[in-house]
Structure formats: structure tokens, C-alpha cells
Amino acid sequence: MRASSFLATVAITSLATGCPLLEPSVGQELASPAPDSLPKPAPLPALATPTPAPAPPPAPQPAAPVPAAPTEATVDTPDLPPDPAAPADLVLTEPEAPAVPEEPEEPIEPVKEPPKKPEAEVFELASIAKETWIYAEPRWRSRRIGYLRAGAIVTRDEKPKSRANCEGGWYHIKPRGYVCVGTNATLDIHHPVVEAAATRPLRDGLPYTYVMSRSPSPHLYARLPTDAELRVVEPDLASHLRKVAQTALDPQFIAPPPPDPTPGALLYGLAAPPLAGVSRGADTLVVGRAKGRSGFALLSTFDHEDRRYGLTTELAVIPIDRTRVIRTSPFQGLPLDEVTLPVAFVKSRHAMRYTSASGGLGGATKLGHREAVPLTGKSMRSGGATYLEARDGSWVREDQVVRIDPMTRPPGWALAGQKWIDVSILKQSLVAYEGTKPVYVTLVSTGADGLGDPKKTHSTIQGVFRIHTKHVSVTMDGDEVGDEFDLRDVPFVQYFNEGYALHAAYWHDDFGTPRSHGCVNLAPRDAAWLFGWTTPEVPATWHAGLSLRGGTVVYTHP
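Residues numbered from 1 in each chain as written. Predicted model: local features only at pLDDT ≥ 70, side-chain atom pairs only at ≥ 80, totals over all residues. Heavy atoms only, no water.

**Let's talk about the sheet that holds strand β22 (residues 401-404)**
The test is simple: Between any two strands, pairing holds if DSSP finds at least two bridges. By the criteria applied, helices consist of DSSP H or I runs no shorter than four residues and strands consist of E runs no shorter than two, each listed in order from the N terminus. Geometry is summarised by axes, namely lines fitted to C-alpha atoms with helices restricted to the contacting stretch, and by angles between N-to-C directions that run from 0 to 180 degrees.
Ordered by their spatial adjacency, 7 strands build an open sheet running β18-β17-β21-β20-β19-β16-β22, and the pairing between neighbours is antiparallel. Among the strands making up the open sheet, the edge pair consists of β18 (360-366) and β22. Sheet twist, expressed as the mean angle between neighbouring strand axes with direction ignored, is 45°. The pairing of strand β16 (residues 343-346) with strand β19 (residues 372-382) spans 3 bridges and is antiparallel. Paired with V343 across the strands is P374, a residue of β19.

Right, dumping it as C-alpha cells:
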């Protein structure tokens, strides 16, 4: 195995063992108060009685008006119907009620709103390289404290602190550190690389969608190939797709996630923009081919001409039908919030839980593989076997579980509040402590060769170390004959000694069994929890953090 050279600042020397690093409002309606009573309206006039017209003169005398009897007025008086005996040109009118004097409204003082503060302008910079290093001070020889991944956008100061050997300027970023704007970083947050790599990794379970290559291994494209180009590059495509259709019928087949929209960078036959430092010709179609045992992290998957493709974190296009989609391991350890050690994990696929019965045990129910069973610490013998009492009063056979007990003699570094990690190679277990209090317990996979010499075999190194470098994801590879591999974006990697690290494994689900090249493999959800709990911290927008002091202690032992 080999480790990348970019970790020179932390003095990591690659070994042939371990897990090496390749890359590094509301208004109110006001109404006048109603008076207590209304004055009665004046009585309506009586209707005039028409007199028949006599012969020419003398002119007829109008009839004297006869006053109508006064009536009681009401507020809601309905309209009067027309009088059928009245002449057509006679209009009946109802006198208007006298206006009710309105009480004067009290003046309403306008509500004075506090003056709005102008929104502060936000200044940002973005990474356009796989690794954009962050320095403690604005100079190249300063200590590296982390890096950004392509597509990451961070807040910066308005003006650079310095331009020493950095034409674009050294900018202070949040929460700390300096970045040189130039080859690997830009002030243009709409740069093609930034937009193409905008998908950010998750920190709960697997950071991305992952795939493993099938045989024959897939080609990696700079852009979406045409049908004519596919016939040249993949002459076996027709027969291959027929096989894939049959494979999809297998109950164990894992379908890719629902398709995303085609990335804008790949529309209209365009090629994906290369990361900073990567050279691609304008007419380049194929940018490489995966190794036999390769893993890739995908920013998105999308359909093109009835075929599913994926865009890798390195902005290469990969046909999904040439890969196997990874299902996240369902296994997860046990937070020790309401319970504590001892805890047992079921290792047998035929383990049973028994209840107490008169004169023995009975009521057996099946336990799940790797199920966590909190224990009381009590045990008993029955039928030639030893049984352990669970906290719910049931019993489990000792030889069907892995029992993890509390420590009997705290080590010197187990100070109050001090975080540290205990890894047992024989029990394939990990316990996270804060001082002497266990806070999390789980199963792991250490080196395949057990307690062997880590310099000559695939064994986990033993001793007391400190975590010094953490990556949200990083590539690991090996070129040992017969054991070649290329695993991109291994999640939640925490280096504690040379090439040895704690990290998630997406390529297997055998946690509780030794099988690594020397690293401590964890299930993705366990690795994500541990990554967020340990130090040095990695800010949310960063992809890695480095510190030679104060990292969480890791104690590996038999």
C-alpha cells in the first residue's frame, strides 16, 4: 500500500501496510361608537289624489293634501312597493333620515418602526481543485490546517490580507485560516467547476452515492458519448446490456437512485470542466478506465439516451450499468445514553433469547445478527452452557455473542472530559470514552492477520496514538500483485499513525470480523458519528482538518 505525499506537513511516511492515502403587520379597523338611540325620522307625506281634468278653463284646483297617520320608524325600513293607483309619472320618495352626528375619532399616533439595518454584504471564495489547502498564516510555508474540496464555497474577508507570492491575494476565511486565490481557488462562485461540483458530501452515513466497478471495468468519459462513439469504445455494449437486464431480475440487485437532472455542464454535448491541475484536450472523450477492483463516489446520476450515467467527484462520466451500486450497511453501534457497559453483540446467525422459567430457561425468540444486547453483568450455567442476563431479564448464550465489559483499571489519559477511543483486536470492538464514562460502543474490522507483525502482515498496529488528520473522504489504493485496488472517496478517514486510520468501509459489511489491510474499518453510520465526535474538528464547509496537537487518543490492543 502507499500513501499520497501531500501529507508531508504531518510527517506521514507511507508503509506497505495500513490504509494509505492516495490524494490527499397587523392593522386594526377603527369604527365610530354607535349612539345609544336614533331620532325618529319625520312622517312620510300622504299621496296626492288626482282630480279629473275639466273642459278648458277654468283651470282645476289641486286637492288639498291629506296628512297621513304618523308611523313608528325603524332603523331597517324596507323599500315601499309602488302604488298601482298612482299615475305613472308620480315618483314615490322616502325622505332621508337626518344624519347622525359622528363622534370625533381620537388621533392615532403612527407606529414608528426602527430603521432597518442594511444587510451586510457577504464575500465568498470557492475551491476549484480536489484539494485547496488552508494555511494558518498568509504564506506558503505556514502550517497547513485543512483543505477545501472542489465546489466548496466559504465566507471570506472583503480584502486580502497579503499578496505575498500569491497574485490573487491571501484571504482570511471562516472560521479560520487563509487561502490563496489563484490556481486552486476563485472569487467567482459561478465558475464552471464550482457549479458542476456543487453537491456537498453528507456527514451521516455515506457522504455520496457509491458504486463498485464490474468486470469488464468501466471507461471514464469527459462528456456524454454518442451512439457512434459507444460502438467504438464499448463494442460489447449490446450483449452487455442484455446481461444487465437479466442481472436486474436478481432479488439482490440494487437499483441506482432516482435520476437527477442532467448536469448543465454536460448539456449540448459539452465536456465536464476539469478540476484545477487536470489537463484535458478539447476533443478528449475517454479520460481513463477503472481498475478491476475500484470504487467511485458520485455527485449525481442521470439518464441519457436510455442509459444511466453518473458524475464522479473528479468530474468524470461513468456508465452505471458497468458498476454495482452500494447499499449502506444497516449495522450501527449503540450510543450509551440510557444504558452502559457491559453490552453484548450477537455474532451467531442462530442466536436465541431465552426467558426464565421454573426450573430452567424457556420462551426462546430469535436474535438479529449483530444485535446489541445490554447486560446486567450476571451470568448462570444451564445445560452445560453459560448464559448472560440481559437488562430486560432475558438470557443469551455467552458463546453466541461478543461481550464488551467496562474497563477495570482506567489508563492515565482517561481524565475527566478527555475523549479517547479503545479498540480491541480480539473482540473486534470499539468503545468511545469521555474520561471513564463510555459513550458509544460498536463492532469494527481490524487487520485481516490479527495480532501479527504490522510491518510484515495485514495487521493493525498496537499502541497509544493521537488522531492528527481527518478527511471527509479520501482515495486509498494498493498495487500489491494479486491485491490491487483503487477505492475513491473512502469516507470519514481519521489517521492516527502513519498509514493507519479509522474509517468507514463501503465495499464490505463484515464488521465484527478481521478483514482490513491494517486500518480499523467501521460501518458508515458509526464512522460518521465518530468523525463528528473526535478532534481535530473539521468545519462544515471544509473537507479535511489537520492538527499535530490535541487530537483524540486512540488505544489499540489485543
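**Observations concerning the state of the cysteines**
What counts, and what does not: Any two cysteine sulfur atoms within 2.5 Å of one another count as a disulfide. For every residue, the accessible area (1.4 Å probe, protein chains only) is compared with the maximum for its type, and the residue is labelled buried under 20%, exposed over 50%, or partly exposed between those bounds.
Considering all chains together, one arrives at 1 disulfide under this definition. With a sulfur-sulfur separation of 2.0 Å, C166 is cross-linked through a disulfide to C180. Between C166 and C180, the S-S dihedral sits near 105°, and the bridge is therefore right-handed. A residue pair is termed long-range when its members are at least 10 positions apart, and C166 in the loop between β4 (153-155) and β5 (170-172) and C180 in strand β6 (residues 178-180) qualify at 14 residues. Here the two residues C166 and C180 agree in accessibility, since each one is buried.

**Re the pattern of salt bridges**
Note on pairing: side chains with opposite charge can pair once their charged atoms come close. What counts here: By definition, a salt bridge exists where a carboxyl oxygen of Asp or Glu is found within 4 Å of a side-chain nitrogen of Lys or Arg.
For the structure on display, the rule yields 16 salt bridges. Linking D405 and R403 is a salt bridge whose minimum nitrogen-to-oxygen distance equals 2.6 Å. Residue D405 is classed as partly exposed on the basis of its relative accessible area of 33%. Across the pair R488 and D486 runs a salt bridge whose closest N-O atoms are separated by 2.9 Å. Residue D486 is classed as buried on the basis of its relative accessible area of 6%. Ionic contacts of the salt-bridge type, sharing partners, join the residues E234, D236, R307, D321 and R322 into one network.

**Remarks on the pairing of strand β8 (residues 209-213)**
The buried count for β8 comes to 4 of 5 residues, which makes it a mostly enclosed element. Sheet topology note: the β8/strand β11 (residues 294-304) ladder contains 4 bridges and is antiparallel. Looking at β11, one finds that T209 is bridged to L298.

**Observations concerning unusual backbone geometry**
Put simply, L341 and P342 share a cis peptide bond, and its omega is 10°. Mapped onto the elements of the fold, P342 is located in the loop between β15 (334-335) and β16. If you check the backbone angles, Y268 has positive phi at about 60° while not being a glycine. Positionally, Y268 belongs in the loop between α3 (237-247) and β10 (286-289). Residue classification places Y268 among the exposed positions, given a relative accessible area of 78%. Positive phi, normally seen in glycine, also occurs at E305, with a value near 50°. Mapped onto the elements of the fold, E305 is located in the loop between β11 and β12 (307-312).

**Looking at the environment of G281**
Take G281: it is sitting in the loop between α3 and β10. Here the alpha-carbon distance between G281 and A222, two residues 59 residues apart in the chain, equals 9.6 Å.

**A word on the pairing of β18**
The side chains of a regular strand alternate, residue by residue, between the two faces of the sheet. Judged from the 5 bridges that link them, strand β17 (residues 352-357) and β18 form a sheet pairing that is antiparallel. By the bridge assignment, R353 is partnered in β18 with T365. Here β17 folds back onto β18, and the loop between the two strands holds 2 residues, one of which, G359, carries a positive phi near 80°.

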